[in-house]
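# Summary of structural features
If you want the building blocks of each chain, they are given just below.
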Amino acid sequence: MDPQEQSRRVAAVFDRVAATYEAVDVDWFNPIAAGLVRELAPKPDERALDIGCGRGAALLPIARAVGPGGHATGFDISAQMVALTQADVDAEGLTNVDLQVLDASDPGLPLGTYDLIACSLVAFFLPDPAAAIASWHDLLKPGGRLGLSTFAERHPAWVELDAVFKPYLPPQMRDARTTGESGPFGSDAGVEGLLRAAGLHEVRTTHEPISVTFQDAEQWHTWSWSHGQRAMWEFVPEGERSAVKATAFQCLAGVTDDDGRIHLTQGVRYTLGDR
Ligand SMILES: C[S@@+](CC[C@H](N)C(=O)[O-])C[C@H]1O[C@@H](n2cnc3c(N)ncnc32)[C@H](O)[C@@H]1O
């Protein structure tokens, strides 16, 4: 599939999930982005960029941290994500934020502008992450810092769950977890290599597992439709979805406690580098 078509598909999926994203009573993207913001440590008066800002998981805390003397720009390829995040920015009365619809592969923003760039759970969606990250390097001021979050090791139940969808997915499918298994997003060294090849220095990695609890398997199911995993469900023919759901629930049985709650952990990798 040509890269533009791939990006259009990603944008369309995130347009469809924008209203439910991180809004179904499961904390997932916000804690992951909070860890990235902590690592990037934005300071008052700094200029920041959040690439693939989604519903503002990193952008909003960064905007609060840089304060009225600083500025935070967020962009996303999904117009719906941008529109709903703009509404949140307006509702909070943040005056130091601007939001745009742009493609991270070629954002066309002014060079040498940002003290820090955040990119939480986005880079693995890009057709050519190495080229994109090299272009982000040039957006930083000299001495500025770039931080990415990506998925690291995961609970075996996630592996089993993803395997349920695999037979339905086209080989070029870009997904946070499945594309993480091979290529540069499969290891610390792989992601660090992308940052070094982009010209960044002092490249460093930290890890933090995040734990998630679902009240029951139905809540997992609702959640799985509320974010990028929706794309996986949409590849399953409608007539086969109940069978796939039943198989997925069997995978979850092994991580269900006596009260019916499901507990899963996911490793998160934060990779930072300086210009
Ligand atoms: C998993 S979400 C992460 C969103 C947000 N950073 C967060 O932590 O919640 C991935 C986001 O990347 C955006 N995205 C994917 N490909 C993109 C591209 N080429 N350019 C800009 N944004 C992109 C999607 O629209 C989506 O909002």
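Computed from a predicted model, the values in this text were never measured in an experiment. (Residues numbered from 1 in each chain as written. Predicted model: local features only at pLDDT ≥ 70, side-chain atom pairs only at ≥ 80, totals over all residues. Heavy atoms only, no water.)

## Observations concerning empty space enclosed by the protein
Summed over all chains, the structure comprises one cavity of 30 Å³ or more. Computed from the structure, the largest cavity encloses a volume of approximately 540 Å³. Phe 14, Gly 52, Leu 121, Val 122 and Phe 125 are, among the 38 residues lining the largest cavity, the residues nearest its centre. Of all the elements in the fold, those that place two or more residues in the lining of the largest cavity are helix H1 (3-17), helix H2 (29-40), strand S1 (47-51) and strand S2 (71-76). In terms of residue count, H1 provides more of the lining of the largest cavity than any other element does, four residues in total. Looking at side-chain class alone, the lining of the largest cavity contains 24 nonpolar, eight polar and six charged residues. (1 Å grid on protein atoms, 1.4 Å probe; cavity = no way out; pocket = protein on both sides within 12 Å on 5 of 7 lines; lining within 4 Å. Points joined across faces, edges and corners; volume = space filled by probe spheres on them. Helix = DSSP H or I, 4+ residues; strand = E, 2+ residues; numbered from the N terminus. Nonpolar A, V, L, I, M, F, W, Y, C, P; charged D, E, K, R; others polar.)

## A closer look at the pairing of S2
Counting buried residues along S2, six of its six residues qualify, which places the element largely inside the surrounding structure. Burial along S2 is two-sided: the residues His 71, Thr 73 and Phe 75 and Ala 72, Gly 74 and Asp 76 are all buried. Inspection of the sheet shows S1 paired to S2 by five bridges, in the parallel sense. Its bridge partner lying in S2, Arg 47 is registered against His 71. Bridge count between S2 and strand S3 (residues 97-101): five bridges; the pairing is parallel. What sits directly across from Asp 76, in S3, is Val 101. Crossover S2 to S3 through helix H4 (residues 79-92) is right-handed. (Buried < 20%, exposed > 50% of the residue type's maximum accessible area, 1.4 Å probe, protein only. Pairing = 2+ DSSP bridges. Right-handed = clockwise from strand over helix to strand, strands pointing away.)

## Observations regarding the packing of H1 against H4
Taken N-terminus to C-terminus, the directions of H1 and H4 make an angle of 40 degrees; their axes are 7 Å apart at the nearest point. Contacts between H1 and H4 involve Phe 14, Asp 15 and Val 17 on the former and, on the latter, Ala 79, Gln 80 and Met 81. Here the contact of H1 with H4 is built from residues that sort into four nonpolar, one polar and one charged. (Axes fitted to C-alpha atoms, helices over the stretch in contact; angles between N-to-C directions. Contact = heavy atoms within 4.5 Å.)

## Describing the pattern of salt bridges
The final tally for this structure, using the stated rule, is 17 salt bridges. Across the pair Glu 234 and Arg 230 runs a salt bridge whose closest N-O atoms are separated by 2.8 Å. Within this pair, Glu 234 and its partner Arg 230 are both found in helix H9 (residues 230-235), separated by four residues, close to a single helical turn. Using a relative accessible area of 22% as the deciding quantity, one classes Arg 230 as partly exposed. Residues Asp 259 and Arg 261 are paired through a salt bridge, measuring 3.4 Å at the closest nitrogen-oxygen approach. Judged by relative accessible area, Asp 259 falls into the exposed class, the value being 59%. Residues joined by salt bridges that share partners form a network here, namely Glu 5, Arg 8 and Arg 9. (Salt bridge = Lys/Arg side-chain N within 4 Å of Asp/Glu carboxyl O.)

## A look at unusual backbone geometry
Even without a glycine there, the phi angle at Glu 22 is positive, about 55 degrees. With respect to the helices, strands and loops of the structure, Glu 22 is situated in the loop between H1 and H2. Its identity is not glycine, yet Asp 25 carries a phi of approximately 65 degrees, on the positive side. When you line up the elements, Asp 25 lands in the loop between H1 and H2.

## As for the site of the ligand
Around the ligand, the structure places 20 residues, and the nearest of them are Tyr 21, Gly 52, Asp 76, Asp 103 and Ala 104. Here a nitrogen atom of the ligand sits 2.7 Å away from a polar atom, N or O, in the main chain of Gly 52. Between the ligand and Asp 76 there is a distance of 2.5 Å, counted from an oxygen atom to a side-chain nitrogen or oxygen. One can see that the ligand is located within the largest cavity. Looking at side-chain class alone, the shell around the ligand contains 14 nonpolar, four polar and two charged residues. (Near = heavy atom within 4 Å. Polar contact = N/O pair within 3.5 Å; in protein donor to acceptor, adjacent residues only side chain to side chain. Sits in = over half its atoms within 2 Å of the grid points.)

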